[in-house]
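# Coordinate analysis (summary)
Residues per chain, in single letters:
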Amino acid sequence: MKLNRIFLSISLVLIALLSGCTPSRHSVPQKLIGTTMIPDMPKNIRVFDQDFCPDFNENPADSNVCAILALSGGGANGAFGAGILCGWTDSGKRPQFQVVTGISTGALIAPLAFLGPECDDELKQIYTNITDKDIFIVRDILGFAGMLWNESYADTEPLSQLIEKFITKEKLDAIAREYKKGRRLYVGSTYLDAQRFVVWDLGAIAASGNPKAPELFRKVMLASAAFPGVFPPVCFEVEGEDGQKYDELHVDGGVVTGVFCYFKPLSERGNTVRKPCSVYVIKNGIGAPEPKEVKRNAIKILEHSFYTMMKMQTWGDLTRISRLAHADNAQFGYMCIPKDYEPKTKKMFDPKEMQILFNMGYVKGKNGEWKNNFAID
């Protein structure tokens, strides 16, 4: 999908807001933001961004290394990250990750990356075979114009079904077992009402023993990938300290950050890190500037400005993660799509294009083409 169509959707959303055609809500009062909980779930399943520092065992009994993996958003470009993981496995050098984080498409990859190479075939299958119809259904025959009375351009019921298909009870049980060993799996969403980034501990959810845990686990993944305006927000029922029920709207974590790992030094976890870790970041997108002539047209100016803003945001994220890693005496490495890559499709999810990206990532992952110091190319 061209970015100008996304910008058209954003413009229409603003018109829709002005029209007042919005569903009723019982949102969290401002004074209670940050204190509400998901009913019947442990309090530790989520935190705001600046309160997040991964709590993990950096040297579990079945691993002699400490490795952290952070997966960015990027939609269909997630095929690049899937390829890196599969190539990394075939190199014989892929470690077991103590911590895996993801947003958006990275949140969809994260559980399979966390569980390890036994999920590589499924990861490849998903990211080289899905099409638009496996992810969304256009809500209205009028397309983006239908957003005047809808909350999004598309319905993500197909994506919800896809998540349910590959996040099975067996996988949830396996994630719960690894959580109890001290390994951690986190994904991020944007709490729209609060304008805050929320980090969800998927391992804690899986290990909670709550019968509603599988539904919540999958719902969080869907929220992390809910690109605003294009895909609908995900509504979570929460409970205040007074026992009152409220609702929160969550959208794509990429609204706040392009990729996340941790927001404060690991030494602030409350216990010292006994062994330096390696921090790996996979950016499912082009990292370098992509200069081009911009036409003096409002839509084109908005399109390129928004794309530039997102790129600069990710540069800042990578710079922050790199500095934190070095402050913790951790090795740092990242990969991103080469700047000479030019997609040949206008579809959001095109299997042929995704196969190209997967193969590109596979070669880089197998060859270990990690860059150690982040710099704008």
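The structure displayed is predicted, hence computed values, not measured ones. (Residues numbered from 1 in each chain as written. Predicted model: local features only at pLDDT ≥ 70, side-chain atom pairs only at ≥ 80, totals over all residues. Heavy atoms only, no water.)

## Description of the pairing of strand S2 (residues 67-71)
The criterion, for reference: Exposed residues in this analysis have more than 50% of their type's maximum accessible area, buried residues have under 20%, and partly exposed residues fall in between, with area computed by a 1.4 Å probe over protein chains only. Numbering of helices and strands runs from the N terminus, with a helix taken as a DSSP run of H or I at least four residues long and a strand as a DSSP run of E at least two residues long. The rule for pairing is simple: two strands pair if DSSP sees at least two bridges between them.
With five of five residues buried, S2 lies mostly within the body of the structure. One ladder, built from five bridges, connects S2 with strand S10 (residues 278-286); its direction is parallel. Across the sheet, alanine 70 pairs through a bridge with valine 281, a residue of S10. Note that S2 and strand S3 (residues 99-103) share four bridges and pair parallel.

## Section: the packing of helix H2 (residues 78-91) against helix H4 (residues 120-129)
Where we set the bar: To define axes, lines are fitted to C-alpha atoms, for helices over the stretch in contact only, and angles between the resulting N-to-C directions are given on a 0 to 180 degree scale. Orientation is classified from the angle alone, with under 35 degrees giving roughly parallel, over 145 giving roughly antiparallel, 65 to 115 giving roughly perpendicular, and any other angle giving oblique. Here a crossing is called left-handed whenever its near helix is offset anticlockwise from the far helix by less than a right angle, and right-handed whenever the offset is clockwise. Residues are treated as being in contact if the distance between any of their heavy atoms lies within 4.5 Å. All residues other than Ala, Val, Leu, Ile, Met, Phe, Trp, Tyr, Cys, Pro, Asp, Glu, Lys and Arg, Gly among them, are scored as polar; the first ten of these are nonpolar and the last four charged.
Look at H2 against H4: their axes get within 9 Å of each other, and the N-to-C directions meet at 155°. Here H4 runs roughly antiparallel to H2, going by the angle between their axes. You can see that H2 and H4 cross each other, and the crossing is left-handed. Seen from H2, the contacting residues are Gly78, Ala79, Ala82, Leu85, Cys86 and Thr89; seen from H4, they are Asp120, Leu123 and Tyr127. Residues belonging to the contact of H2 with H4 are distributed by class as follows: six nonpolar, two polar and one charged.

## Observations regarding helix H5 (residues 157-166)
So the rule is basically this: Here the arc refers to the set of directions running from the helix axis out to each C-beta atom.
Taken as a whole, H5 has its buried residues at Pro158, Leu159, Leu162, Ile163 and Phe166. For H5, the angular spread of buried residues about the axis comes to 140°, placing them on one side. Those residues of H5 hidden inside the fold are in contact with helix H3 (105-115), H4, strand S4 (137-138), strand S5 (154-155), helix H6 (169-181) and helix H8 (213-224).

## Side note on the pattern of salt bridges
Convention followed: Only one rule defines a salt bridge in this text: a Lys or Arg side-chain nitrogen within 4 Å of an Asp or Glu carboxyl oxygen.
Scanning all chains against the criterion turns up twelve salt bridges. A salt bridge links glutamate 248 to arginine 46; its shortest N-O distance comes to 2.8 Å. Here glutamate 248, found in strand S9 (residues 245-252), pairs with arginine 46, found in strand S1 (residues 46-48); they are 202 residues apart in sequence, far enough to count as distant. Residue glutamate 248 shares its accessibility class with arginine 46, and that shared class is buried.

## Overview of the side chain of aspartate 201
The line we're drawing: Charge assignment in this entry is limited to Lys and Arg as positive and Asp and Glu as negative, and neither His nor the chain termini are counted.
As for its placement among the helices and strands, aspartate 201 is situated in strand S7 (residues 196-201). Buried charge without a salt bridge: aspartate 201, with arginine 184 as the nearest opposite-charge side chain at an N-O distance of 4.4 Å. With residues up to four places along the chain from it excluded, the contact list for aspartate 201 reads Asn44, Ile45, Tyr179, Arg184, Leu185 and Tyr186.

## Considerations on the packing of aromatic side chains
For clarity, the cut-off: In this analysis, rings of Phe, Tyr and Trp, with Trp reduced to its six-membered ring, are considered paired at centre separations within 6.5 Å, and the interplanar angle assigns stacked below 30 degrees, edge-to-face beyond 60, and tilted for intermediate values. Note on geometry: a ring has a charge over it if NZ (lysine) or CZ (arginine) is within 6 Å of the ring centre and within 35 degrees of the ring normal.
For the coordinates displayed, the defined rule picks out 13 aromatic pairs. Consider the rings of phenylalanine 136 and phenylalanine 231, whose centres lie 5.9 Å apart with planes at 40°: the pair is tilted. Of this pair, phenylalanine 136 sits in the loop between H4 and S4 while phenylalanine 231 sits in the loop between H8 and strand S8 (234-239), placing them 95 residues apart in sequence. Just as phenylalanine 136 is buried, phenylalanine 231 falls in that class too. Taken together, a centroid distance of 6.0 Å and an interplanar angle of 35° make the contact between phenylalanine 332 and tyrosine 334 tilted. The exposure class assigned to phenylalanine 332 is buried, which follows from its relative accessible area of 4%. A residue is classified by how much of its surface remains accessible, and tyrosine 334, at 3% relative accessible area, is buried. Among the aromatic residues, those joined into a cluster by ring pairs are Phe52, Tyr186, Phe197, Phe260 and Phe263. Positioned above the aromatic ring of phenylalanine 114 is the side chain of arginine 183, whose terminal nitrogen or guanidinium carbon lies 4.1 Å from the ring centre.

## As for the state of the cysteines
Note the following rule: For the purposes of this analysis, a disulfide is any pair of cysteine sulfur atoms at a distance within 2.5 Å.
Under the counting rule described, the total for this entry stands at one disulfide. Residue pairing for cysteine 66: its cysteine sulfur links by disulfide to cysteine 277, the two sulfurs lying 1.7 Å apart. On the S-S bond that ties cysteine 66 to cysteine 277, the torsion sits near 55°, and the link is right-handed. Of this pair, cysteine 66 sits in the loop between S1 and S2 while cysteine 277 sits in the loop between S9 and S10, and the two are 211 residues apart along the sequence. When its relative accessible area of 3% is taken as the criterion, cysteine 277 is described as buried.

## With respect to the nonpolar core
General note: in soluble globular proteins, nonpolar side chains tend to be found buried as a group. Inclusion rule: By nonpolar core is meant a set of buried Ala, Val, Leu, Ile, Met, Phe, Trp, Tyr and Cys residues that side-chain atoms within 4.5 Å join together.
Ranked by size, the top nonpolar core spans 81 residues in total, and within it Leu69, Trp200, Ile205 and Phe217 carry the most contacts. No other element matches the eight residues that H3 contributes to this core. The residues touching isoleucine 205, leaving out its near neighbours within four places in the chain, are Met41, Ile45, Trp200, Ala213, Leu216, Phe217 and Val220. Counting residues in hydrophobic clusters, the runner-up holds 28 residues, among them Phe197, Val259, Phe260 and Ala325.

## A look at the side chain of aspartate 252
As a reminder, the rule being used: Under the rule applied, a polar contact is a pair of N or O atoms within 3.5 Å (in protein, one hydrogen donor and one hydrogen acceptor; residues adjacent in sequence only if both atoms are side-chain atoms).
Counting through the fold element by element, aspartate 252 comes out in strand S9. Of the buried charged residues, aspartate 252 lacks a salt bridge, with lysine 283 as the closest side chain of opposite charge at 12 Å. Separated by 2.7 Å, the side chain of aspartate 252 and the backbone nitrogen of glycine 254 make a polar contact.

## Things to note about the environment of threonine 36
Here threonine 36 is to be found in the loop between helix H1 (3-19) and S1. For threonine 36, a relative accessible area of 8% translates into the label buried. On a C-alpha basis, the gap between threonine 36 and glycine 240 in space is 4.6 Å, while along the polypeptide they are 204 residues apart. Not counting residues up to four positions away in its chain, the partners in contact with threonine 36 are Val28, Arg46, Val238, Glu239, Gly240 and Glu248. Only 3.5 Å separates the side chain of threonine 36 from the side chain of arginine 46, close enough to count as a polar contact. Separated by 3.0 Å, the side chains of threonine 36 and glutamate 248 make a polar contact.

Shape is all these values report; function is a separate question.
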